[in-house]
Amino acid sequence: MSLLQVEGLTKTFAGLTAVDSVDIAVADRVFLGIIGPNGAGKTTLFSLLAGSQPPTAGRVVFDDVDITGWSAQKVARAGLVRTFQLMRPFESMSVLENVTIASLAQRSRKDARRHALGVLERVQLAQYAGTSSGSLPTAGLKRLELARALAMEPRMILLDEVLAGLVPAERAPMIELLRELHGDGLTVMFVEHIMAAVMALSERLVVMHDGRVLTQGVPAEVIAEPQVVEAYLGEDY
Amino acid sequence: MTDTTARPAAAHELPAADDPRLKDTWARRQLLVLVAGVAVLSTLPLFLGEQAQSVAIRTLIFAIMAVGWNLMSGFGGMFSFGHAAFFGIGAYTGAYLLVDHGISPWISMVVAAVLSAAVGVAIAYLCLRYKLAGSYFALATFAFAQMFLLIVQNVDALHKTEGFNVEILPSDSWSMLQFQQGDPLYFWIPLAILAAAVLVSILYVRSRAGQYAQAVRDDEVAASSLGINTMRARLIAVALSCGVTAVAGVYYTQYYFFVGPEQAFGSAVSVEAIVPAVIGGIGTIWGPVIGAMVVGPLSELVATVLRNPPGFLSFLQGTSGLDVAVYATLLIVIVIVMPKGIFGTIRDRWRS
Ligand SMILES: Nc1ncnc2c1ncn2[C@@H]1O[C@H](COP(=O)(O)OP(=O)(O)OP(=O)(O)O)[C@@H](O)[C@H]1O
Ligand SMILES: [Mg+2]
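From a predicted model like this one, the values you see are computed outputs, not experimental measurements.

**A short note on the overall build of chain A**
- Per the secondary structure count, chain A includes 9 helices and 10 strands.
- Over its C-alpha atoms chain A spans a radius of gyration of 17 Å, differing by no more than 12% from the 18 Å that the globule rule assigns to 237 residues.
- Counting across all 237 residues of chain A, residues that qualify as buried make up 57%.
- Partitioning the contacts of chain A with sequence separation of at least 6, the portion at a separation of at least 24 is 66%.
- Element-wise, carbon and sulfur atoms account for 50% of the exposed surface of chain A, whose accessible area totals about 9,100 Å².
- Computing the positive centroid from 22 side-chain charges and the negative centroid from 27, chain A places the two 9 Å apart.

See the structure below:
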């Protein structure tokens, strides 16, 4: 029984097909990695799943409900929440206020603030609770993206390059955190270029290229396939 | 289907309810400032002469308009260049109900606020529906305000270009909001309205609706991805904004005993709603009030100079529109020197 089922999902921008008849099934509580060269359509796929953009064709079923064409707001409230590759903090607000906005979806204002602080502790960002979100360094912003998504209490989370821009020393604790979240039962779709992290975390792996799914399956087997090696020729992984 | 209790990300410990990091004294501090400010300002009529009091009242009307404008344009991020429409709805609702139907201005304030909020929501919905943002949104609001001006000038029931004259009653009347000329109540009543408008701002900014509106202003895409109904958040900001501004309009008619199309719906009125907020600090509680305290006396100064210009400025005698030119200059200077306005800039200095 899969939690998320994607069938023939397609997105065309003025002649360019960014996502091309993608079929993916994600079982409940699975950690699914997605790799692919720049411009492969990974972020666009997330936008289609999360309702940030309407698909040109295809179907998205989440938790047995057809959510194709739903607004971002509705998808998020249904328990499927994304983060952004290019971080999008609410800059006029503090870190705690940013996360409280998400916590408010399920609870009263007073409870939301407390819940949000708990989430910040979980992602080790609590010491910045009162800091203006605009002044956080990259590593902090990445954690803030994650914290806001978690505060929605999603069943499934779409993580778009949460490790990008982190120095190697910052990566290990983030990878550890993701492993813990997954261990708690969160279903994860994880777009990432850093192969060590992808291989360490993913139970399933999807390779995208030119908008299409090149191949998918068990990570160790998938990356050994000749076509995958070829697609990545010249990429420094 | 989804079982919320099983949602895994809830698997974290809640901090203690009295964790000091959860303390938020902001609203309490603003309310204290509000009470103190009202207490101090309410003594003003004791010191002011009749002429100065009328300047102070004009300033209060500016302030109410600007606080209203700021709700939608500052906290909601939808820049209105047509708040004359909502001020005008207030001024004309008050005038029409009073002059033609003898209805108390207190009732008109409620009626006007509701009517103006409804009109504002309708206009904003149209603009947002068709994805007008930034300067396009501002232009659209300007166009609506101009349209209202034209309509009012051509409708018999609204006395076309003649406007309304309020009949002066022989004796004081609370219900009709009329007192002796120069009575301090003419100052205290708009002060109370301003205090109420600021109170609305303070409560709104910390409410769920207000937090959502600010999130949408900061980043609409991120906000919708966190489950926020962006349209609803914005329309609530618009409704409050237009409602507050309309009350200023009702009081205007009441205080000046007259309102015509230009005083109510003229584009200068839209500028008057914007300027104090921009000068004082957009998107802050106190910016519009502080800005009005600058603009109110200044507009009087300009008017005085025009009435009786010193020798070297004699060519200005009787010209009109100089006030708008002065506002424009002031705006440009402020935007260059203090892009966050007087209050916004001082607050940021204080914090750092
Ligand atoms: N809004 C848009 N309009 C037009 N083209 C777009 C739009 N968004 C994405 N594209 C194009 O679609 C293709 C896929 O982009 P996408 O951002 O999904 O790739 P990606 O796999 O996330 O790449 P990266 O690894 O660099 O983040 C690219 O060619 C991109 O230029
Ligand atoms: Mg991308």
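**A short note on the overall build of chain B**
- For chain B, the helix and strand inventory stands at 15 helices and 2 strands.
- The globule rule puts the C-alpha radius of gyration for 352 residues at 20 Å, and the 22 Å found for chain B is close to it.
- Its C-alpha atoms give chain B principal-axis dimensions of about 75 × 45 × 40 Å.
- Looking at chain B as a whole, 50% of its 352 residues are labelled buried.
- Across chain B, the fraction of contacts at a sequence separation of at least 24, relative to all contacts at a separation of at least 6, is 76%.
- With an accessible surface of roughly 16,200 Å², chain B has 66% of that area assigned to carbon and sulfur atoms.
- Looking at charge distribution, chain B has the averaged site of its 19 positive side-chain charges lying 12 Å from that of its 20 negative ones.

**What about the sheet that holds strand 1 (residues 2-13) of chain A?**
Residues and elements named next belong to chain A.
- Strand order in this open sheet of 4 strands is 2-1-4-5, and the pairing throughout is antiparallel. The two strands at the open ends of the sheet, each matched to only one other strand, are strand 2 (16-27) and strand 5 (65-66).
- The pairing of strand 1 with strand 4 (residues 57-62) spans 5 bridges and is antiparallel. Bridging across to strand 4, Gln5 finds its partner in Val61.
- Contacts from helix 1 (residues 42-50) reach strand 1, strand 2 and strand 4, with the element oriented near 115 degrees to strand 1.

**Points about the site of ligand 1**
All names here are of chain A.
- Lining the immediate surroundings of ligand 1 are 14 residues, of which Asn38, Lys42, Thr43, Thr44 and His193 lie closest.
- At 2.8 Å from an oxygen atom of ligand 1 is found a side-chain nitrogen or oxygen belonging to Asn38.
- For ligand 1, an oxygen atom lies 2.7 Å from a polar atom in the side chain of Lys42.
- Contributions of two or more residues to the shell around ligand 1 are made by strand 2 and helix 1.
- The dominant element in the shell around ligand 1, judged by the number of residues it contributes, is helix 1, at 3 residues.

**Side note on helix 7 (residues 185-206) of chain B**
- With 22 residues, helix 7 of chain B extends 32 Å between its outermost C-alpha atoms, agreeing within 8% with the 32 Å of an ideal straight helix rising 1.5 Å per residue.
- Within helix 7 of chain B, 16 of the 22 residues are buried, leaving the element largely enclosed by the surrounding structure.

**Some thoughts on the interface of chain A and chain B**
- Listed per partner, the contact involves 46 residues of chain A and 38 residues of chain B.
- Together chain A and chain B conceal approximately 3,600 Å² of surface at their shared face, both sides included; 57% is due to carbon and sulfur atoms.
- In this structure, the connection of chain A to chain B is made through 3 salt bridges.
- As a salt-bridge pair, A:Glu97 and B:Arg206 come within 3.4 Å of each other at their nearest N and O atoms.
- Residue assignment for the side of chain A that touches chain B shows that the elements contributing at least two residues are helix 2 (72-77), strand 6 (80-82), helix 3 (95-103), helix 4 (109-122) and helix 5 (138-151) of chain A.
- Residue contributions to the side of chain A that touches chain B peak at 9 residues, all from helix 4 of chain A.

**So, the coordination of the magnesium ion (ligand 2)**
All names here are of chain A.
- For the magnesium ion (ligand 2), the full set of protein donor atoms is Thr43 (OG1) and Gln85 (OE1), and the range of their distances to it is 1.9 to 2.1 Å. With Thr43 in helix 1 and Gln85 in the loop between strand 6 and helix 3, the pair connects residues that are 42 residues apart, well separated along the chain.
- Of the residues examined, Thr43 reaches a relative accessible area of 28% and is grouped as partly exposed.
- By relative accessible area, which is 28% here, Gln85 ends up partly exposed.

**Describing the confidence of the model for chain A**
- Across chain A, the average pLDDT comes to 94, with 98% of residues at 70 or higher.
- When mean pLDDT is compared element by element in chain A, strand 4 of chain A scores highest at 98, while helix 9 (residues 226-231) of chain A scores lowest at 83.

**Examining the environment of B:Ala113**
Residues and elements named next belong to chain B.
- Checked against the element boundaries, Ala113 lands in helix 5 (residues 105-129).
- Along the sequence, Ala113 and Ile64 sit 49 residues apart, while their C-alpha atoms lie 13 Å from each other.
- If near-sequence neighbours (up to four positions away) are discounted, Ala113 is found in contact with Ser108, Gly243, Ala246 and Val247.

**Regarding the nonpolar core**
- Residues B:Val198 and B:Tyr251 are the most contacted members of the largest nonpolar core, which totals 91 residues.
- Excluding anything up to four places from it in sequence, B:Tyr251 contacts B:Ile57, B:Ile61, B:Leu177, B:Leu185, B:Tyr186, B:Ile189, B:Pro190 and B:Ile193.
- The next biggest cluster of nonpolar side chains, apart from the first, holds 65 residues, and it includes A:Ala105, A:Leu136, A:Leu141 and B:Ala223.

**Quick notes on the pattern of salt bridges**
- Scanning all chains against the criterion turns up 21 salt bridges over all chains.
- In this structure, B:Asp219 and A:Arg88 form a salt bridge, with 2.6 Å as the shortest nitrogen-oxygen distance. With one member in each of two chains, B:Asp219 in the loop between helix 8 (208-218) and helix 9 (220-225) and A:Arg88 in the loop between strand 6 and helix 3 form a pair that bridges those chains.
- In this structure, the salt-bridge partner of B:Asp24 is B:Arg206, at a minimum N-O distance of 2.3 Å. Note that B:Asp24 is positioned in the segment before helix 1 (26-41) and B:Arg206 in helix 7, a separation of 182 residues in sequence.
- Assessed through its relative accessible area of 32%, B:Asp24 is described here as partly exposed.
- One salt-bridge network, held together by shared partners, links A:Glu7, A:Arg59 and A:Asp66.

**With respect to the environment of A:Gln5**
All names here are of chain A.
- Within the fold, Gln5 resides in strand 1.
- Separated by 20 residues in sequence, Gln5 and Ala25 have C-alpha atoms that sit 4.5 Å apart.
- For Gln5, the side chain forms a polar contact with the side chain of Ser2, separated by 3.0 Å.

Criteria and cut-off values
- Residues numbered from 1 in each chain as written.
- Chains lettered and ligands numbered in written order.
- Predicted model: local features only at pLDDT ≥ 70, side-chain atom pairs only at ≥ 80, totals over all residues.
- Heavy atoms only, no water.
- Helix = DSSP H or I, 4+ residues; strand = E, 2+ residues; numbered from the N terminus.
- Rg over C-alpha atoms; globule rule 2.2 N^0.38 Å.
- Buried < 20%, exposed > 50% of the residue type's maximum accessible area, 1.4 Å probe, protein only.
- Contact = heavy atoms within 4.5 Å.
- Areas by Shrake-Rupley, 256 points an atom, 1.4 Å probe, with all protein chains shown as cover.
- Lys, Arg positive; Asp, Glu negative; His and termini not counted.
- Charge placed at Lys NZ, Arg CZ, Asp CG, Glu CD.
- Pairing = 2+ DSSP bridges.
- Axes fitted to C-alpha atoms, helices over the stretch in contact; angles between N-to-C directions.
- Near = heavy atom within 4 Å.
- Polar contact = N/O pair within 3.5 Å; in protein donor to acceptor, adjacent residues only side chain to side chain.
- Expected span 1.5 Å × (residues − 1).
- Buried area = accessible area lost by both parts, 1.4 Å probe.
- Salt bridge = Lys/Arg side-chain N within 4 Å of Asp/Glu carboxyl O.
- Donors = N, O, S within 2.8 Å, 3.2 Å for Na, K, Ca; no water.
- pLDDT = per-residue confidence, 0-100.
- Core = buried A, V, L, I, M, F, W, Y, C linked by side-chain atoms within 4.5 Å.

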